[in-house]
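Structural characterization, general
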Amino acid sequence: MSINKIWNKCFKLTVDSLRAGNLAIASVITDSNYSIISMGTNQTINNYSSFNKISNSSIAHSEINAIYNLPKKHSQRRDLILFTTVEPCPMCLGAIAMSRIRSIHIASRDTWAGSANLLKKTSYLKGKEIFVTFNNDTSIERFFLLLHVYSLFRNAKIPECHNAIQALKRVSAQIVQIALELSDSYQFTTLMKEAEHSIIKRTLEERI
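The structure reproduced in this document is the subject of the present report. (Residues numbered from 1 in each chain as written. Predicted model: local features only at pLDDT ≥ 70, side-chain atom pairs only at ≥ 80, totals over all residues. Heavy atoms only, no water.)

1. Quick word on the overall build of the chain
Counting its secondary structure elements, the chain contains eight helices and five strands. Over its C-alpha atoms the chain spans a radius of gyration of 16 Å, differing by no more than 12% from the 17 Å that the globule rule assigns to 208 residues. Out of the 208 residues in the chain, the part that is buried amounts to 51%. Residue pairs at least 24 apart in sequence account for 61% of intrachain contacts in the chain once pairs closer than 6 positions are excluded. With an accessible surface of roughly 10100 Å², the chain has 51% of that area assigned to carbon and sulfur atoms. On the chain, the mean spot of the 25 positive side-chain charges and the mean spot of the 16 negative ones are 8 Å from each other. (Helix = DSSP H or I, 4+ residues; strand = E, 2+ residues; numbered from the N terminus. Rg over C-alpha atoms; globule rule 2.2 N^0.38 Å. Buried < 20%, exposed > 50% of the residue type's maximum accessible area, 1.4 Å probe, protein only. Contact = heavy atoms within 4.5 Å. Areas by Shrake-Rupley, 256 points an atom, 1.4 Å probe, with all protein chains shown as cover. Lys, Arg positive; Asp, Glu negative; His and termini not counted. Charge placed at Lys NZ, Arg CZ, Asp CG, Glu CD.)

2. Comments concerning the packing of aromatic side chains
According to the stated counting rule, one finds six aromatic pairs in the structure shown. Seen from their ring centres, Trp-7 and Phe-144 are 5.9 Å apart, and the 55° between their planes marks the pair as tilted. Taken together, the positions of Trp-7 in helix α1 (residues 3–19) and Phe-144 in helix α5 (residues 138–154) put the pair 137 residues apart, joining distant regions of the chain. Residue Phe-144 is classed as buried on the basis of its relative accessible area, which comes to 3%. When the ring of Phe-143 is compared with that of Phe-144, the centres are 5.5 Å apart and the planes differ by 85°; the resulting orientation is edge-to-face. Take Phe-143 and Phe-144: they sit in the same class, and that class is buried. An aromatic cluster is present here, built from Trp-7, Phe-11, Tyr-34, Phe-83, Phe-143 and Phe-144 joined pairwise through their rings. (Phe/Tyr/Trp six-rings, centres within 6.5 Å; stacked < 30°, edge-to-face > 60°.)

3. Remarks on the nonpolar core
Grouped together as the largest cluster of nonpolar side chains are 42 residues, with contacts concentrated most on Phe-11, Phe-144, Leu-147, Val-149, Met-192, Ile-200 and Leu-204. Elements with a minimum of two residues in this core: α1, β1 (26–30), β3 (81–84), α5, α6 (163–183), α7 (186–194) and α8 (197–207). A total of ten residues in this core trace back to one element, the largest contributor, which is α5. Residues in contact with Leu-204, not counting those within four places in the same chain, are Phe-11, Phe-143, Leu-146, Leu-147, Leu-182 and Phe-188. Among the nonpolar cores identified, the runner-up in size contains 17 residues, and Ala-66, Leu-70, Leu-93 and Leu-125 belong to it. (Core = buried A, V, L, I, M, F, W, Y, C linked by side-chain atoms within 4.5 Å.)

4. Things to note about the pattern of salt bridges
Applying the stated rule across the entire model yields five salt bridges. Salt-bridge contacts for Glu-141 lead to Arg-109; the nearest nitrogen and oxygen are separated by 2.8 Å. With Glu-141 in helix α5 and Arg-109 in the loop between β4 (103–106) and α4 (123–128), the pair connects residues that are 32 residues apart, well separated along the chain. Among the residues examined, Glu-141 registers a relative accessible area of 10% and is labelled buried. Where salt bridges share partners, they join Asp-31, Arg-77 and Asp-79 into one cluster. (Salt bridge = Lys/Arg side-chain N within 4 Å of Asp/Glu carboxyl O.)

5. Things to note about α6
Between the first and last C-alpha of α6 there are merely 18 Å, a value that for 21 residues lags more than 12% behind the 30 Å anticipated at 1.5 Å per step. A bend of about 120° at Ser-172 is the largest found in α6. (Expected span 1.5 Å × (residues − 1). Bend = angle between axes of the 7 residues up to and from the residue.)

6. Examining the pairing of β4
In summary, the side chains of a regular strand alternate between the two faces of the sheet. The alternating pattern of β4 places Ser-103 and His-105 on one face and Ile-104 and Ile-106 on the opposite face, and all of these are buried. Bridge count between β3 and β4: four bridges; the pairing is parallel. Its bridge partner lying in β4, Leu-82 is registered against Ile-104. Assessed by its sense of winding, the connection that carries the chain from β3 through helix α3 (residues 90–98) to β4 is right-handed. Sheet topology note: the β4/strand β5 (residues 131–134) ladder contains four bridges and is parallel. Directly across from His-105, in β5, lies its bridge partner Thr-133. Following the chain from β4 across α4 to the adjacent parallel β5, one finds a crossover that is right-handed. (Pairing = 2+ DSSP bridges. Right-handed = clockwise from strand over helix to strand, strands pointing away.)

7. Observations concerning the environment of Lys-121
Looking at where Lys-121 falls in the secondary structure, it is placed in the loop between β4 and α4. We classify Lys-121 as exposed; its relative accessible area is 57%. Separated by 90 residues in the primary sequence, Lys-121 and Asp-31 have C-alpha atoms spaced 27 Å apart.

8. Regarding the pairing of β3
Side chains Ile-81 and Phe-83 of β3 all project onto a buried face; the interleaved residues Leu-82 and Thr-84 project onto the opposite face, where all are buried too. Two elements, β1 and β3, share four bridges in a ladder whose sense is antiparallel. When the bridges of β3 are listed, Thr-30 appears paired with Ile-81.

See the structure below:
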């Protein structure tokens, strides 16, 4: 499987998470051949039935669920790669360090809770030698940032004045503004609930 196909899978997962009322964040774990062996989505807001094993909890982040969902037969592998749509927070980064994952691909920066820089802060984390790759395709970053911020407005009910939103404007104030406009759009909200993934993707790409 190619990296582009992995990001496309992550897109479908983020939309499903968003439709379920949670934050639009998804993670997948692959082997060195990019074959997906585990997945997780954010489920911090509710406990709807899903493949996630942790729900309706502040720790039910996509990375945590992807790690917890990892089949036991794969848990000791040393070629695991984590793909995540948003830069991991301190909690998720700690969970990654305690797992066998030694490579992280990040689609979009998080200038509020993102903590990839912590990997250089302590001898313990440095010793884990976790390699981080920030996506260098700005269109992919803007795409996942838009979904993330839209879900903050729509599902988490965070106001524009919140520190998290102000921080994310440092990544792209334009995308934050588009997300705000879309969160107030009845037509777009209906589209997100009912349309095929391909139609949603095309609509978002036209906006960014």
